[in-house]
Amino acid sequence: MTRERLYSTRAIILKHRDQGEADRVLTVMTPGLGKRTLLAKGVRRPASRKAGHLEPFTHVQLLIARGRSWDLVTQAETVYAFRELRENLERTAYAFYLVELVDAFAQEEDEQPDIFDLLLQGLHLLEGTGRPALLARWFELALLRLSGYQPALFHCVECGEPLQPVTNYLAVARGGVLCPRHGEGQPETEALDVGALKVLRYLQTQPAEVALRLDLAPARLRQIERLLATYIRFVLERRLRAPAFIRLLNHV
């Protein structure tokens, strides 16, 4: 194996699936190479030393060999395991949601260092916060911004006028909010009260450490979750899996 075939990168494991009798196909997010699909050969064998380093949402350092179909993971060392996330079922579920979101929005082999940094930050914050639902809402808006899908929350997407502190209308197909003149009575819009719009704006514009201090009533937090879920589902044109598990956990 020549040196030119090898390269090294940090990565966060987004997901994996079994391949053949002992191999595993990994989807990872890297800082400089974007999202990549890699093959870890023999990793499911009991004697494999790589298996424990290649679990979802683990931050790892990889040595990779270029291959014909998939590049091959030859070495893996854990940079940070996020063990506290794995020891709490609710935090585990939210960690899976963060990596699922990044997997859905990131493009294969498209260099997106800001999204890698956001995911790493989000996982570290998730480990330390007692408010995972609020963190998830901040993360959603940050990821939408970095992916080019940031909802317009300050000006009407029809006329461009600043939105006033009255009931406005969320129009997901338009990518933001309509003023009453252009949104009231329109199909596929949802009334957005003043409080909800303020929360969305705050989460969109504040750093995570500030946003996580926000004190929201449970009903308001559920409203924000539903609004963003509708927006994300429209952008992705599909439902994600982790939110359903999180809802199931919260109703146990």
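Residues numbered from 1 in each chain as written. Predicted model: local features only at pLDDT ≥ 70, side-chain atom pairs only at ≥ 80, totals over all residues. Heavy atoms only, no water.

Trainee: So what's going on with the sheet that holds strand 6 (residues 168–171)? Residues and values would help.
Mentor: Ordered by their spatial adjacency, 3 strands build an open sheet running 7-6-8, and the pairing between neighbours is antiparallel. Here the strands that pair on one side only, and so sit at the sheet edges, are strand 7 (176–178) and strand 8 (190–192). In this sheet, neighbouring strand axes are inclined to one another by 45 degrees on average, regardless of whether the strands run parallel or antiparallel. For strand 6 and strand 8, the ladder comprises 3 bridges, and the chain directions are antiparallel. Across the sheet, the residue bridging to L170 is E190, located in strand 8. (Pairing = 2+ DSSP bridges. Helix = DSSP H or I, 4+ residues; strand = E, 2+ residues; numbered from the N terminus. Axes fitted to C-alpha atoms, helices over the stretch in contact; angles between N-to-C directions.)

Trainee: Can you break down helix 8 (residues 218–236) residue by residue, with the values?
Mentor: Across its 19 residues, helix 8 extends 27 Å between first and last C-alpha, which sits within 8% of the 27 Å expected from 1.5 Å per residue. Buried residues of helix 8: L221, Q223, I224, L227, L228, Y231, I232 and L236, and no others. Packing partners of the buried residues in helix 8 comprise helix 2 (89–105), helix 4 (132–147), strand 6, strand 7, strand 8 and helix 6 (194–205). Of the residues trailing helix 8, E237 is marked for its positive phi of about 60 degrees. (Expected span 1.5 Å × (residues − 1). Buried < 20%, exposed > 50% of the residue type's maximum accessible area, 1.4 Å probe, protein only. Contact = heavy atoms within 4.5 Å.)

Trainee: Pulling in residues and values, what's your account of the side chain of E140?
Mentor: For E140, the location among the structural elements is in helix 4. Classification of E140 by relative accessible area gives buried; the value is 2%. A polar atom in the side chain of E140 sits 2.8 Å from the side chain of R137. (Polar contact = N/O pair within 3.5 Å; in protein donor to acceptor, adjacent residues only side chain to side chain.)

Trainee: Let's hear about unusual backbone geometry: which residues, and what values?
Mentor: One non-glycine residue, E109, lies in the positive phi region at around 60 degrees. You will see that E188, though not glycine, has its phi angle at about 60 degrees, which is positive. Here E188 shows up in the loop between helix 5 (180–183) and strand 8. According to the relative accessible area criterion, E188 is exposed, its value standing at 71%.

Interpretation in functional terms is not warranted from these geometric data alone.
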